[in-house]
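# Examining the three-dimensional arrangement
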Amino acid sequence: MNNYKIKIYSDLKELDKVRNFVKQIALENNIDELNTYKIVLALEEVCVNIIKHSYKFDSTKRIEILAKIEQNEILFSIEDNGPSFDPRDVLPVEVDLIRKKYQKGGLGIFLISQLVDKIDYQPKNKNFPKNKLTITKILE
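Overview of the structure. (Residues numbered from 1 in each chain as written. Predicted model: local features only at pLDDT ≥ 70, side-chain atom pairs only at ≥ 80, totals over all residues. Heavy atoms only, no water.)

## With respect to the pattern of salt bridges
Side chains bearing opposite charge may pair, as long as their charged atoms lie close to each other. Taken as a whole and judged by the stated rule, the model has 9 salt bridges. E64 is paired through a salt bridge with K5; the nearest N and O atoms lie 3.7 Å apart. A residue pair is termed long-range when its members are at least 10 positions apart, and E64 in strand β2 (residues 62–70) and K5 in strand β1 (residues 2–9) qualify at 59 residues. Taking relative accessible area as the criterion, K5 reaches 55% and is therefore assigned exposed. (Salt bridge = Lys/Arg side-chain N within 4 Å of Asp/Glu carboxyl O. Helix = DSSP H or I, 4+ residues; strand = E, 2+ residues; numbered from the N terminus. Buried < 20%, exposed > 50% of the residue type's maximum accessible area, 1.4 Å probe, protein only.)

Printed below as a string of structure tokens:
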């Protein structure tokens, strides 16, 4: 079992670090290009949502990403200190409704749900001071 960790600032410029983090893990663990791409895209979307909606572009705030590989899957836990928001509460996303309204945005959580196999969420509480979103990708 391999474990990895990275901390980034709440700044869109930090997304390159996330991409490189995933690519390095993929390289070390022989994860194919398609799964690597899906993981990168999902993690980028999670981080953008935290930066934009939770931290309101406050670049002094931090996001921590922990990765763990277990047998045939990889788990990424993304931790932040912003307001709690469980993305599972808005799934399934009404894609047709968003499209009909010509709404800009609103599909990020749907996109994440299509790229990974499982989404878990633990809001911050008295026992754990951070929100923790875990996405799991099964490696075939």
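Having seen the structure, we can now continue with the description.
## Overview of the sheet that holds strand β4 (residues 118–122)
With respect to topology, 5 strands assemble into an open sheet ordered β1-β2-β3-β5-β4, the strand pairing being antiparallel. A single partner strand is all that each edge strand has here, and the edge strands are β1 and β4. For this sheet, the mean inter-axis angle between neighbouring strands, taken without regard to orientation, is 15 degrees. Note that β2 and strand β3 (residues 73–80) share 7 bridges and pair antiparallel. Each bridged residue has a counterpart across the sheet, and for E64 the counterpart in β3 is E79. This element, helix α1 (residues 15–28), spans β1, β2 and β3 of the sheet and lies at about 170 degrees to β1. (Pairing = 2+ DSSP bridges. Axes fitted to C-alpha atoms, helices over the stretch in contact; angles between N-to-C directions. Contact = heavy atoms within 4.5 Å.)

## Topic: the nonpolar core
The biggest cluster of nonpolar side chains holds 34 residues, and the ones touching the most others in it are F21, L43, I63, I65, F76, I78 and I135. Of all elements in the fold, only β1, α1, α2 (33–54), β2, β3, α4 (108–115), β4 and β5 (131–138) reach the threshold of two or more residues within this core. With residues near it in sequence (within four places) discarded, F76 still touches F21, V22, I25, I39, L43, I65, L66, A67, L133, T134 and I135. (Core = buried A, V, L, I, M, F, W, Y, C linked by side-chain atoms within 4.5 Å.)

## Structural notes on unusual backbone geometry
The backbone of N30 sits at a positive phi, close to 55 degrees, despite the residue not being glycine. In this structure, N30 sits in the loop between α1 and α2. For Q71, which is not glycine, the phi dihedral falls at a positive 45 degrees. Inspection of the secondary structure puts Q71 in the loop between β2 and β3.

## Some points on the packing of aromatic side chains
Using the criterion set out here, one finds 1 aromatic pair in the structure. Seen from their ring centres, F21 and F76 are 6.5 Å apart, and the 75 degrees between their planes marks the pair as edge-to-face. Here the residue F21 occupies a position in helix α1, and F76 occupies one in strand β3, the gap between them amounting to 55 residues. For F21, a relative accessible area of 10% puts it in the buried group. Judged by relative accessible area, which is 2%, F76 ranks as buried. Of note, R62 hangs over the ring of Y9, and the distance from its end group to the ring centre comes to 4.1 Å. (Phe/Tyr/Trp six-rings, centres within 6.5 Å; stacked < 30°, edge-to-face > 60°. Lys NZ or Arg CZ within 6 Å of the ring centre and 35° of its normal.)

All quantities given are derived from atomic positions and should not be read as evidence of function.
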